Every structure is written in C-alpha cells, then in structure tokens.
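Letter by letter, the chains look like this.
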Amino acid sequence: QVQLVESGGGLVQAGGSLRLSCAASASISSISAITWYRQAPGKQRELVARITNGGSTNYADSVKGRFTISRDNAKNTVYLQMNSLQPEDTAVYYCSTALRSTGGGIWGQGTQVTVSS
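Everything quoted here is computed from the prediction, not taken from an experiment. (Residues numbered from 1 in each chain as written. Predicted model: local features only at pLDDT ≥ 70, side-chain atom pairs only at ≥ 80, totals over all residues. Heavy atoms only, no water.)

Draft legend 1. Spotlight on the pattern of salt bridges. All chains considered together, the criterion is met by four salt bridges. For arginine 38, the salt bridge is made with glutamate 46, and the minimal N-O distance between the two is 2.8 Å. The class for arginine 38 is buried, based on a relative accessible area of 5%. We note a salt bridge from arginine 38 to aspartate 89, for which the minimum N-O separation is 3.0 Å. One end of the pair, arginine 38, is in strand β4 (residues 33-39); the other, aspartate 89, is in the loop between β8 (77-82) and β9 (91-96), with 51 residues separating them in the sequence. There is no split in this pair, since arginine 38 and aspartate 89 are both buried. Within this structure, Arg38, Glu46, Arg66 and Asp89 form a network of salt bridges that share partners. (Salt bridge = Lys/Arg side-chain N within 4 Å of Asp/Glu carboxyl O. Buried < 20%, exposed > 50% of the residue type's maximum accessible area, 1.4 Å probe, protein only. Helix = DSSP H or I, 4+ residues; strand = E, 2+ residues; numbered from the N terminus.)

Draft legend 2. Spatial organisation of the state of the cysteines. Per the stated rule, a full pass over the model turns up one disulfide. Each disulfide pairs two cysteine sulfurs, and for cysteine 22 the partner residue is cysteine 95, the sulfurs being separated by 2.1 Å. Taking the sign of the S-S torsion, 75° for the link of cysteine 22 and cysteine 95, the bridge is right-handed. With cysteine 22 in strand β3 (residues 18-24) and cysteine 95 in strand β9, this residue pair connects regions lying 73 residues apart in the sequence. You'll find cysteine 22 and cysteine 95 in the same group, each marked buried. (Disulfide = S-S within 2.5 Å.)

Draft legend 3. Representation of the environment of serine 101 in the model. Its location among the elements puts serine 101 in the loop between β9 and β10 (111-116). Exposure remark for serine 101: the relative accessible area of 27% places this residue in the partly exposed category. Between the alpha carbons of serine 101 and glutamine 112 there is a distance of 17 Å; along the sequence they are eleven residues apart. Residues within four places of serine 101 in sequence aside, it is in contact with Tyr37, Arg45 and Trp107. (Contact = heavy atoms within 4.5 Å.)

Draft legend 4. Spatial organisation of the side chain of arginine 50. You can see arginine 50 is positioned in strand β5 (residues 46-52). A distance of 2.5 Å separates a polar atom in the side chain of arginine 50 from a polar atom in the side chain of threonine 35. Side-chain polar atoms of arginine 50 contact the backbone oxygen of leucine 99, separated by 3.1 Å. Not counting residues within four places of it along the chain, the set of residues in contact with arginine 50 comprises Ala33, Ile34, Thr35, Tyr37, Ser56, Thr57, Asn58, Ile69, Ala98 and Leu99. (Polar contact = N/O pair within 3.5 Å; in protein donor to acceptor, adjacent residues only side chain to side chain.)

Draft legend 5. Up close: the packing of aromatic side chains. One pass over the structure, following the stated rule, counts two aromatic pairs. Each ring, one from tyrosine 37 and one from tryptophan 107, has its centre 5.0 Å from the other, and the planes form 35°; the classification is tilted. Separated by 70 residues along the polypeptide, tyrosine 37 in strand β4 and tryptophan 107 in the loop between β9 and β10 bring together distant segments of the chain. Classification of tyrosine 37 by relative accessible area gives buried; the value is 1%. A residue is classified by how much of its surface remains accessible, and tryptophan 107, at 22% relative accessible area, is partly exposed. (Phe/Tyr/Trp six-rings, centres within 6.5 Å; stacked < 30°, edge-to-face > 60°.)

What follows is the structure in structure tokens.
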C-alpha cells in the first residue's frame, strides 16, 4: 500500500509563508486525488485543498488566494504553499487519499503548523 509522509511544518509569524510536502511511496499519478486536511485545537478536521491526478484543484474558502496546492509526479510529491499565514491557520496538517475528513483512505502522520501574531 502507498504510504504518505508530511513535512515542512514549523513556527512562523503572521504574514509569513511555509511550504508543506507530502511524499508518497508510490506513483501519485495512480491516485485519483490527494487532499490536505487540517485539525486545529478544539475544532473538527477540515478540508484545506485537493488536487486530482488530472490537475484539478479545490480549496476551502478560508484559504483561497493564500494557499496553492501542486504536485510533482516525478518526485511523487504533493506540495501546499501557504502564504499570508494567520494565527487561525494553526493546526496539524495531514495529507490523505481520503475524500472525506472523517476517515478512510490512507493518511500521513501529520505536520504541525503554528502561526504567531
């Protein structure tokens, strides 16, 4: 089975940027879609961004215009470029093959993003 590993999280000041990576152990071109989810303290897990193997993308309204999802098939990696970060973006970020935030599919271990004001 394919395995997913997130990296790139850390501590950043409001207005700053981070780039998250989701490295897959197998070809991502064979996966219909890779989705970034996040879970903030005291809140439910939510969809952040999604990219299909055809290149179509979807974003949560809260991150549109600030976040960009992309992929590099040669490296079997999906990226999430996060700009203009806000404290409300603080969460654990996960990449997954799941189409629902409630589970199923394959999940990475998550990477912590903390944004200070």
